[in-house]
Each structure stands twice: as structure tokens, then as C-alpha cells.
Amino acid sequence: KASELDEMITVCGDALTFPRKENKSARKWLKSVGISNLRAVRDGKKIAGGLLIIPWGHFFGGRSVAAGGISFVGIAPEYRRIGAASYMMAETVKELHARGTPISTLYPANIALYRKAGYESAMERHVLKAELKNIKTRNTKYEMAPYKGRGYKALKDFYTEQALKTNGNVDRNETSWKGFLKSWWGSTHFIYTIKDRGVLKGYVLYRYEKEWGPILVGDYWVADRDAAERLMTFLADHSSVIKEMKWTGTAMGEIARLIPERAFKVDREEECMLRIVDVKGALEARGYPSGLQAEIHLDVTDDLIRKNNGNFVLKVKNGKGRVKKGGEGLLKLDIRTFAQMYTSFMTPGQLRITGILDGPDAEMEIAGQIFAGPRPWIRDHF
């Protein structure tokens, strides 16, 4: 209920150690996402904990898969270790399944809790850092200028075009994009675009951690090498007053690859967990290699969602998948193992070695072809 929002913020905010002075900002953020997306677990009328479900998607195989992003999860200290969090997560997964949401994602503070609910690490997110003096790139072929747009459509279209080529990145909803253009939590950020004769080739969003840096690059996307080098040149040109930069993404990304001698460090390494909420829906929603025609027979085990149990046949053709119940059940896996194969986080061969995937060699090989793709990573944190 709207009347319970402040109580919810206090309970979850305190559990997450947010300063209470930020409650006003938290309230604004939660209302922008939608109070209807909040869920609470209660002891009678008292809120014992809660969470937020963010309705958006993730890109896999060149298609957007609808998802419920789980955030703002908190349980009051006096209600821990009595099953409140496990109950809340189980009910959330059941609700997402009932409404037809194929997958769910979250960043874990308690891995065991989320594994119990069927989530597994299936995407990576790195925060990396480098000294600006180590960036030797100098390329000013493209124009770089402050973003003058009043809306976000041009940036969103460009983002989607680039993110579709990855596995894992968020298909941001309208609320996320509106927030993208605002300064949150008291910070001021800057948005610059990279253009070639008026054609958008990239953009970057950044802010300063404190007055003299480092530069914190929150989001960037580039279309080609000249755009990547223009971005690096732009960042390096801050070196007279700022020593260091940090950025989010992956160690295999454009920025890292353009820094010679790998003169960067991983400042923080995180893994985003994913839950296959609806086996059939998830398999039919993602994309597959366009030139591949193949079929695999799965035997899935899910302790929480009964309809996810049993045999499924996945047929792939023209980049799309079709699923029906039944088949031979040759490839045996539980719902958490399924998440890692689904995202391309681990190959079937790797999962077999760890002892959590079993099947004949031929079926393993076909599964490897079907779920082949770039290693999944994610830039957004939620």
C-alpha cells in the first residue's frame, strides 16, 4: 500500500545499511519504478521485509527476454534466520511464473538464499580502473560534444543496437531511461555523444567521484574502432587534473582492450544471478545462431515450480526456438545449471566437468552449438 511506503523504506533501507538521510531519494526512486512493484513480507500488520520487482528485459542471442529484476531486498534483523527471506523469494518466483515472466535476475548479498530459490550466477560485471597517463590513444576523427537532446530516444536506439550484440545486458525500461538523464543521490553527471558527420557513433555518461576524481564512467557504447579511440582520447585528455578513471563492464570490453600492456586493474568483480522462471517461455524468448538447425532433449528438475519439471524438446531453426513437452530427456540438469547454460556463462562441457550436467556426448555437442555466444556480462547495477 502507498501508506506503507515509508515503513518499507525504513525496514529495507536499514537492512541494507542505507543512511536514513537518503530515504527521501529512495522514496522518489521507488515511486518512479512503481509502488505496485513492491512486495512485503509481514508479521501480522508489521512489515518484516520486502523487495522490488523491476519489469524490464535482458538481451540473449539478439533478442530481448522479459525479466523481473529483483532489487531493494531487505529483512529486519529480528526476522532473520526464521525463513522470512526464503518465503519471500519463493513467493516472488511463483508470482513471476504465474504472470508469464520467463526469467528473473538479481545481485546477491546472500548467495545461499538465492540458490535455494533457484537462482545461479550466470553473468559477470566488473568495475575496472586505470591511470589516465597509461591511455596512449590519440584519435580525433569523430566529433565529441555534450549531449543536447531533450529526451533519450536517440541514445536508447543506439544502446539497443549495440547491446543486442551482447548476452546479458539490460533492455532498460522507460523509468530506467528517464533516470539515466537525471542526477541521482546528489551527484552531477555528464553525457557526451560521439558523431561522424552527424551520425551517432557512441556516447558516454560519467561523473567525478570527488572534486579531483577519479572519473567514474557509468555507461558507454561505441559502434566502431574510431569511436572507441575517440572516447579513450577524450578520457585521457582529463589527465592534467585527474589521475584515474573507473568504468563498469567487462575486462574484455573496448576500453580495456585499448589500454596497452593491460595497464588496468579489476577494482570490483561481481556476478549477477539468473533464475529460469518458465522453462518453455525462456527458451522460446531468446535468440539462437541464425544458421543453425538443431534439436535437443532436456530433462529439467525444479524444486519450486512444478511445471518446469520433466522432459522438454527444443527445436532451433532460423534463429528461433520452439519448445514442446516430452521427448527423450537425454540432457539432465537442474534449474540452476540450466541458468548457466542458457546465458552462455558456462559451456555444457564445463558444466559436465563440475558434475551438475549429464548426457551423451552427441547431445552435449548440440547443446554447445545451440547456446554458443559471447560470455554474458552486464553493465547496469540494480
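See the structure shown above.
Computed from a prediction, not measured in an experiment: that's the story for all the values here.

### Some points on the overall build of the chain
When helices and strands are counted, the chain shows 12 helices and 17 strands. Here the C-alpha radius of gyration of the chain, 22 Å, is about what a compact globule of 382 residues would show, namely 21 Å. In terms of overall dimensions, the chain has a C-alpha envelope of 60 × 55 × 35 Å along the principal axes. Burial statistics for the chain: of 382 residues in total, 52% are counted as buried. Sequence-distant contacts in the chain: of pairs separated by 6 or more residues, those separated by 24 or more amount to 71%. Accessible surface, the chain as shown: approximately 18100 Å² in total, 49% of it carbon and sulfur. Computing the positive centroid from 61 side-chain charges and the negative centroid from 45, the chain places the two 4 Å apart.

### Thoughts on the side chain of Thr-250
On the secondary structure map, Thr-250 appears in the loop between strand E11 (244–249) and helix H8 (254–257). According to the relative accessible area criterion, Thr-250 is buried, its value standing at 8%. In this structure, Thr-250 is in contact with Glu-124, His-126, Leu-128, Ala-256 and Trp-377, ignoring residues within four places of it in sequence.

### Regarding the pattern of salt bridges
Summed over the entire model, instances satisfying the criterion amount to 30 salt bridges. As a salt-bridge pair, Arg-99 and Glu-95 come within 2.7 Å of each other at their nearest N and O atoms. Here Glu-131 ties to Lys-133 by a salt bridge, and the two come within 3.5 Å at their closest N and O atoms. Under the relative-accessibility criterion, Glu-131 is labelled partly exposed at 25%. Note on Lys-133: relative accessible area 56%, which makes it exposed. Each of Lys-129, Glu-209, Lys-246 and Asp-267 takes part in a single network of salt bridges with overlapping partners.

### A word on the nonpolar core
Formed by 91 residues in total, the largest nonpolar core has its most connected members in Ile-276, Leu-283, Phe-338, Met-341 and Tyr-342. No other element matches strand E2 (residues 46–60), which puts 9 residues into this core. Once you skip the residues sitting within four places of it in the chain, Leu-283 turns out to touch Tyr-288, Leu-298, Leu-314, Gly-321, Val-323, Phe-338, Tyr-342 and Phe-371. In terms of nonpolar packing, the next biggest core, distinct from the first, is built from 30 residues, Met-232, Trp-247, Ala-251 and Ala-256 among them.

### Focus: unusual backbone geometry
Despite not being glycine, Glu-261 shows a phi value in the positive range, around 60°. Looking at Glu-261, the relative accessible area reads 78%, which means it is exposed. Positioned with a positive phi, Ser-344 is a non-glycine residue whose angle comes to about 75°. By secondary structure assignment, the location of Ser-344 is in the loop between helix H10 (335–342) and helix H11 (348–353).

### A look at the environment of Phe-18
Turning to its location among the elements, Phe-18 is positioned in the loop between helix H1 (5–15) and helix H2 (23–33). Take Phe-18: its relative accessible area is 37%, and that puts it in the partly exposed class. Residue contacts for Phe-18: discarding those within four places in its chain leaves Gly-13 and Phe-72.

### Focus on the sheet that holds strand E13 (residues 294–301)
Where strands meet in a sheet, backbone hydrogen bonds hold them as pairs that are either parallel or antiparallel. Overall, mixed pairing links the 5 strands, which are arranged E15-E14-E13-E16-E17 in an open sheet. Every interior strand has two partners, whereas the edge strands, strand E15 (320–325) and strand E17 (357–358), have only one. By the bridge criterion, 6 bridges tie strand E14 (residues 310–317) to E15 in an arrangement that is antiparallel. Across the sheet, residue Phe-312 finds its bridge partner in E15, namely Lys-325. Along the sheet, H10 makes contact with E13, strand E16 (331–334) and E17, crossing E16 at roughly 110°. Relative to E13, helix H12 (residues 361–370) is tilted by about 100°, and along the sheet it contacts E13, E14, E16 and E17.

### As for the packing of aromatic side chains
Per the stated rule, a full pass over the model turns up 20 aromatic pairs. Judged by centre distance (6.5 Å) and plane angle (85°), the rings of Phe-338 and Tyr-342 are edge-to-face. Taken together, the residues span about one helical turn, with Phe-338 and Tyr-342 both in helix H10 at a distance of 4 residues. Like Phe-338, the residue Tyr-342 is buried in the burial classification. One aromatic cluster is present, built from ring pairs that chain together Tyr-152, Tyr-159, Trp-177, Trp-221 and Trp-377. The cationic tip of Arg-172 hangs over the ring face of Trp-177; the distance from NZ or CZ to the ring centre is 5.0 Å. Positioned over the ring face of Tyr-220 is Arg-379, at 4.1 Å from the centre of the ring.

### Some details on H12
Along H12, the positions that sit buried rather than exposed are Glu-363, Met-364, Ala-367 and Ile-370. Projected down its long axis, H12 carries its buried residues within an arc of 125°, all on one side. For H12, the exposed residues set more than 90 degrees away from the buried face come down to Asp-361, Ala-362 and Glu-365.

### Brief notes about the side chain of Thr-233
Structurally, the position occupied by Thr-233 is in helix H7 (residues 225–236). A polar contact is formed between the side chain of Thr-233 and the backbone nitrogen of Asn-139, at a distance of 2.8 Å. Here Thr-233 is in contact with Thr-137, Arg-138, Asn-139 and Thr-140, once residues within four sequence places are set aside.

What counts, and at which threshold
- Residues numbered from 1 in each chain as written.
- Predicted model: local features only at pLDDT ≥ 70, side-chain atom pairs only at ≥ 80, totals over all residues.
- Heavy atoms only, no water.
- Helix = DSSP H or I, 4+ residues; strand = E, 2+ residues; numbered from the N terminus.
- Rg over C-alpha atoms; globule rule 2.2 N^0.38 Å.
- Buried < 20%, exposed > 50% of the residue type's maximum accessible area, 1.4 Å probe, protein only.
- Contact = heavy atoms within 4.5 Å.
- Areas by Shrake-Rupley, 256 points an atom, 1.4 Å probe, with all protein chains shown as cover.
- Lys, Arg positive; Asp, Glu negative; His and termini not counted.
- Charge placed at Lys NZ, Arg CZ, Asp CG, Glu CD.
- Salt bridge = Lys/Arg side-chain N within 4 Å of Asp/Glu carboxyl O.
- Core = buried A, V, L, I, M, F, W, Y, C linked by side-chain atoms within 4.5 Å.
- Pairing = 2+ DSSP bridges.
- Axes fitted to C-alpha atoms, helices over the stretch in contact; angles between N-to-C directions.
- Phe/Tyr/Trp six-rings, centres within 6.5 Å; stacked < 30°, edge-to-face > 60°.
- Lys NZ or Arg CZ within 6 Å of the ring centre and 35° of its normal.
- Arc of directions from axis to C-beta.
- Polar contact = N/O pair within 3.5 Å; in protein donor to acceptor, adjacent residues only side chain to side chain.

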